[in-house]
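# Secondary and tertiary structure notes
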Amino acid sequence: MRNSDTDNTLFPVARIWQFMIVSVFLVTLMACGEVDENDGEVVNSFNLPTDSALTLYCPDAGIGGESCILDDPENPYAITPVNDTTKWDLSDDAPSWKARFYMWATAQAMSPRGENQYHVALALQGMYSESGSELAREQALKAYRSVLDNYYDDVWFFKYPAPPATPTLYLWPKKVRLLSVDNLWDDGDGDNPLRDSTSQFPLSPLFASELAALEAIGEWGYTFESETGDIIPN
Amino acid sequence: MAKLSYIVAVRKFGVIFSVLLFTFLASTVQAQLVDKVTTYKDENGWKLKVNGKDFYVKGMVWGYSPRGENYSYNLWGQPDELIKKVLDQEFTLLKEANVNAVRAFSNIPTRWVTYIYQQYDIMTLINPLFGRYGATINGVWVPNTNYQDETTREILKAEFLEIVEKYMNTPGVLMFALGNESNYGLSWSSFEIENLPEGEQNTGKARYLYSLFAETIAAAKKIAPDHLYTIVNGDIQYIDLIAEYGKDWDVIGVNSYRGISFEDPDNNVSLWEDVKKKLDKPVLFMEFGSDAFNARDFVEDQESQAHYLKGQWLEMYRKSYGRGEQGNSIGGFVFEWRDEWWKYKQTENLDIHDRTASWENGGYKFDHVEGQNNMNEEWFGITRLGDINGQGVYATEPRMAYYVLRDIWSIDPYSTSATSSTGNSKIANNLNMEIYSMKGEIERLKSAKKESDKFKMTGGKFTGEYFVKGFEGDVTENGENGLVFSDGQMLDLDFAFQPTKNLNGQFTLNLQANVPDSNFEFRYGDRGAPVTVKVFDNDDVVTSPGSSQVLEGRERIEIYDFNATYDADEFTLETFYHVPRYHWGEKGDFFGLLRETTDMEGQDIWNSKAPYGVEYRGKNAMDGLTIVFGPEIYWGANPKAMFKYDFDVNGIDLTFIHSEDIAQQEGSSSATEATNKQSRQTALYAKTPIAEGVLLELGGLYSSGEKVGETYDRVEGNDIIVDEIEGKDTLGIRARVTFDVLSSKAYMALNYAGLVADSGDVVTENGTELPYSGLGNKKEIEGGILIPAGDFTIYPRFLVRKNIVDANPLIDPVTTGSTLNPGIAPRNYDDDPFAVLGNREVKSAEVILTYDPTPASYFYDWNVDVIEDAPFAFNLGLTYSEFESVTDSDRFFYEEANTNAAFGSGLSAEDVYLIKSKMIFNTGYSVKYILDLQRGRQQTTGKPGEESVEFTSLEAKAVIDSRHILSGHIKKDAFGPYDFYRQFNLIYPEQYKLEYTRLLDMNKNEKNSSSLGIKVFYRTLDEFSPATEYEDGKNDHMFEIQTYFKYIF
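Criteria and thresholds
Residues numbered from 1 in each chain as written. Chains lettered and ligands numbered in written order. Predicted model: local features only at pLDDT ≥ 70, side-chain atom pairs only at ≥ 80, totals over all residues. Helix = DSSP H or I, 4+ residues; strand = E, 2+ residues; numbered from the N terminus. Rg over C-alpha atoms; globule rule 2.2 N^0.38 Å. Buried ≥ 20, exposed ≤ 12 C-beta atoms within 10 Å, placed from the backbone. Contact = placed C-beta atoms within 7 Å. Domains from an automatic or database assignment. Pairing = 2+ DSSP bridges.

## What to know about the overall build of chain B
For chain B, the helix and strand inventory stands at 16 helices and 51 strands. For chain B, whose C-alpha radius of gyration is 33 Å, the value lies close to the compact-globule estimate of 31 Å for 1049 residues. Across its three principal axes, chain B shows a C-alpha extent of roughly 120 × 90 × 70 Å. Across the 1049 residues in chain B, those meeting the buried criterion constitute 40%. Residue pairs at least 24 apart in sequence account for 64% of intrachain contacts in chain B once pairs closer than 6 positions are excluded.

See below:
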């Protein structure tokens, strides 16, 4: 049914006004949707730590699937794209074991796996070697235990002859648990990486004796097989 | 020479004159063959007359809906041979029952109207539905017809006048009627039958409806003044408006379901008297009758049906001319000829005879219980829908009512000279109801249908297949031994159950024996394929060789699908498992939060079981509330619950939706689709006209509130910035305005979504390829105008989108001494709160030209290949998109590690385009051709780094005589057939497929006919093809031949 002639005249005008009002409102709303340039924090560079004093943001920082390291304000790598491509150079260029710990703990938090966990343990052992920090030693043991508990079958293609020595082009796969075992005590074997005096990264064993190491391994629920050098769950 | 010219001229004139004379005579003869139908009135009442003779309408609402089909089935699109078989079977029985007219919901073609009339002396009421169940307005399908809209009114009127012109000279036309309970459509929320409206709440809308009826009939009478016109009204609702607008309508057509009588003397109510007083027109019932199922006792009840029909007809005879009462009954069309198995739910359980009552009617006392539904829509036939016979026609099995009506109709009500009561007594005494009951019972037993079955098998399918495949390298090297043969057998069994009147459902069991091995297709059933595993003696999985073992016999039996519905008084509860489910896009879900899951075939490839869950729909006090919850309520969904509530405030329709994820999916919904973190969304939607012809839709969204406080990084100039998600980043707003521009329909939409304000799938229409995205972090404007031009429509559209925060570039971190420059990397949805992916910046434009001379078969229907009935229809579209910036990194599901993995970098800036065309030819020789062409340049959807290539694709299908199907495709430089091919940029230089299928059942299509066939695949390979196939150049091509046999029972 048609409305009156008067209505026919007004409708187009009213329609245009209503449409314009709605459009102005919406366009205004959209124009407000910009990010304020003053929002956020500029993070073009970070100072990497050169000391070896360990502080943990949470008890299990760098262990297993714990990701609190990413929220640690002391972690310079928290917003850095640490991935399989960048982590090796970042590790090699790190000025200290502490920096290396933060880097590998970040890699572990973003991609939990055996090789990342192993290198977290290695970095903590390095901090212990430098400072004698008992906290670092305990945390390194936690990390090595995590390798056994969580990444028992994981392998790492490391650069021969022993990690993290001067790089060569030869890659050798080895179970990370076997690498971990090598680092717990000095077994007097010439191949033991702890005895590699040419290494740029001298490490101190975490246990003073084989007996102490085997006791701890037993408490973790494993047995060391001296014939194979392997570590077996009980 | 001059004499010769004169002779030639005379001859020419003679030919022309003869042609003109013949044409004139033919049309005159034709016009003389057309019956003259008139109404007659004197002090004794009204009569209908055909060619001067009294004609009391003993009519039937007739249609042909095979088992497994619904309203979309078109008998008139089948081969003539089949149509004739159907008509001969049906109309022989109708004629024997003394039926003299039919009313059909589809427009019976003129030649078949004439055939029915000349062979069986049965006239046809021509009844276009006039937008009752939606209409195509300027190329756009509008489900709820707006009779107020000027464009709609013009189109509906024009369509009806076209029909009048087409049928006006057709022998056998009784009269023209418009609509079907169109007044009820103003109140009901769906196309299913609901409780009858009370009162006249929609008088405003009704006035537009009845005024349109009046205008249209007035125009029709100018074209064909010798025909009669009426409407089909829902009872006599809005009788005052009918009186106002229907003064020159010839009869009043009424659908009435008042029970055994159309009068209630106790309450002084009489349909006959009301019509006589207010309209003074003859009453022609367009529908009336009774269902044959007793909802209270939950059994078939053909006796009650026959009893009610007998009572109705005796009253109609009493009310006819010369009986001393109102004298305004001129007959009616019984609803209906045969049961229709699609009426309940309309798109589900089409091969099950549902016994669920869907509305309440106290007039049918034989099974009425206050507050409970008792009208069983699938049981209104006076004959049953039998099984298919050897002729390919579904059998017609008469109920008791058929025999009762046959004998009632053998009597001419006008010839009974006695008074009304005596005359009717005489008729009633002649009806031996016991004999009819016995006949009806015999028919029921003969049909072998156990109507009270609580659980039964309804059918199934057996598939047998045999494959041979090979790679070029293997065949070259080993000859025949390089070929791989395999076979497969699969059985599907369908079951239905209805143990009580409130509970019904169905499920399918799948069993398989062998599983054929294909290199070209991932197939449902691959779950049972043998897998080879390596077994190691010790823990050294790296260096020890291990031994291979083949695991067979996996997952041989499973439930393919299941759904059950419990219909209580206050709610409906439905459980669903792997059955198609639709989006809520037209039910207020403006942000597409509930995605459609109808691609069962696509999911079966991955043995995905979605959707599965439970849906609750409130009734009465809880009407408008819907709750859906489950482990995967649409494909790829996290376990979640969704709440929807529809309501209105001051005439504005509103919808509130909340979606809450309960957990994250553990594995991919396909092989490589990444899983998504838990999230939640809340949306509010409003729809209201703001001016004449202008509709405003406005929506607000709150999404991913759990991400507030999460950090993200971005680049600004030379700085890397770390920022936090704030509350405002979770908000989104969308507005869409639809308005008329002359005869065109235009729209404009604005969409703002905060950084993490992700929504769902945008509902697209009309074949658009614009790069829509439901992700947040965007400001979008889009618009378009649908321009009709006769049978053509032209639809230009555009979409422009900017991001609030751009994608991140890749800048490697650098350590210098003790200073770290952290660098920055593309984001991904696992490590960051948002990422720029499909919501990337774009400027996109598109134009689609469509030609469809038969808009009733909507060209953009999902089933257009089957339903399009125009001799020729096509579309041609071009979409061009400028992606001026890069994206962040997408992810994929890495099955071996059971985790998502990011690609690491994003897609580059690039311009892409797509040209596509679909053409459908319906030749007059029972051959249908369908062609789909595409040409374009498209990027991958995941893996970055490689340049896009231009591709060409041609798919074709020929359907011959509805029995032979030849189909195939040729593709050049195109992605492989599944989504992950595009995700990983896997391309084949050439792909070919050729298939021949022979349908073995008559009157059935590809989906429901037994068949046998052969498929041949061939592909060439290069370095862009999957490495496992190309094998570094060892194989330049691969092929496969599949043969199959399917038996559907």
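## Notes on the overall build of chain A
Across its full length, chain A holds seven helices and six strands. Of the regular secondary structure in chain A, the N- to C-terminal order runs α-β-β-α-α-α-α-β-β-α-α-β-β. The buried share of chain A, reckoned over its 234 residues, is 36%.

## Some points on the domain arrangement of chain B
Here the domain parsing of chain B yields domain 1 (34-446) and domain 2 (568-686). Centre-to-centre separation of domain 1 of chain B and domain 2 of chain B, based on C-alpha positions: 38 Å.

## A few points about the environment of Gln 665 of chain B
Mapped onto the secondary structure, Gln 665 of chain B falls in the loop between strand 30 (652-661) and strand 31 (680-691). With sequence-adjacent residues up to four places away left out, Gln 665 of chain B is seen in contact with Asn 638 and Thr 675 of chain B.

## So, the sheet that holds strand 1 (residues 41-42) of chain A
Spatial ordering of the open sheet is given by 1(A)-34(B)-33(B), a layout of three strands whose pairing is antiparallel. Two strands lie at the open edges of the sheet, namely strand 1 of chain A together with strand 33 (711-716) of chain B, each paired on one side alone. Here strand 33 of chain B pairs with strand 34 (residues 719-724) of chain B via six bridges, running antiparallel. Considered in strand 34 of chain B, the bridge of Thr 711 of chain B is made with Glu 724 of chain B.

## Overview of the pairing of strand 46 (residues 927-937) of chain B
Where a strand is regular, its side chains alternate between the two sheet faces. Residues and elements named next belong to chain B. Note: strand 45 (residues 910-922) against strand 46, ten bridges, orientation antiparallel. Residue pairing in the sheet places Ile 920 in a bridge with Ile 930 of strand 46. What sits between strand 45 and strand 46 in their antiparallel hairpin is a turn of four residues, with Ser 926 showing a positive phi close to 60 degrees.

## Quick word on the pairing of strand 38 (residues 792-802) of chain B
Residue and element names in this part refer to chain B. Because side chains alternate across strand 38, one face comprises the buried residues Thr 793, Tyr 795, Arg 797, Leu 799 and Arg 801, and the other comprises Phe 792, Ile 794, Pro 796, Phe 798, Val 800 and Lys 802, none of which is buried. Counted along the chain from strand 37 (residues 778-789) to the antiparallel partner strand 38, the turn is two residues long, and its residue Gly 790 has a positive phi close to 65 degrees. Here strand 38 runs beside strand 41 (residues 842-851); their pairing, made up of ten bridges, is antiparallel. The residue bridging Thr 793 from the neighbouring strand is Thr 850, located in strand 41.

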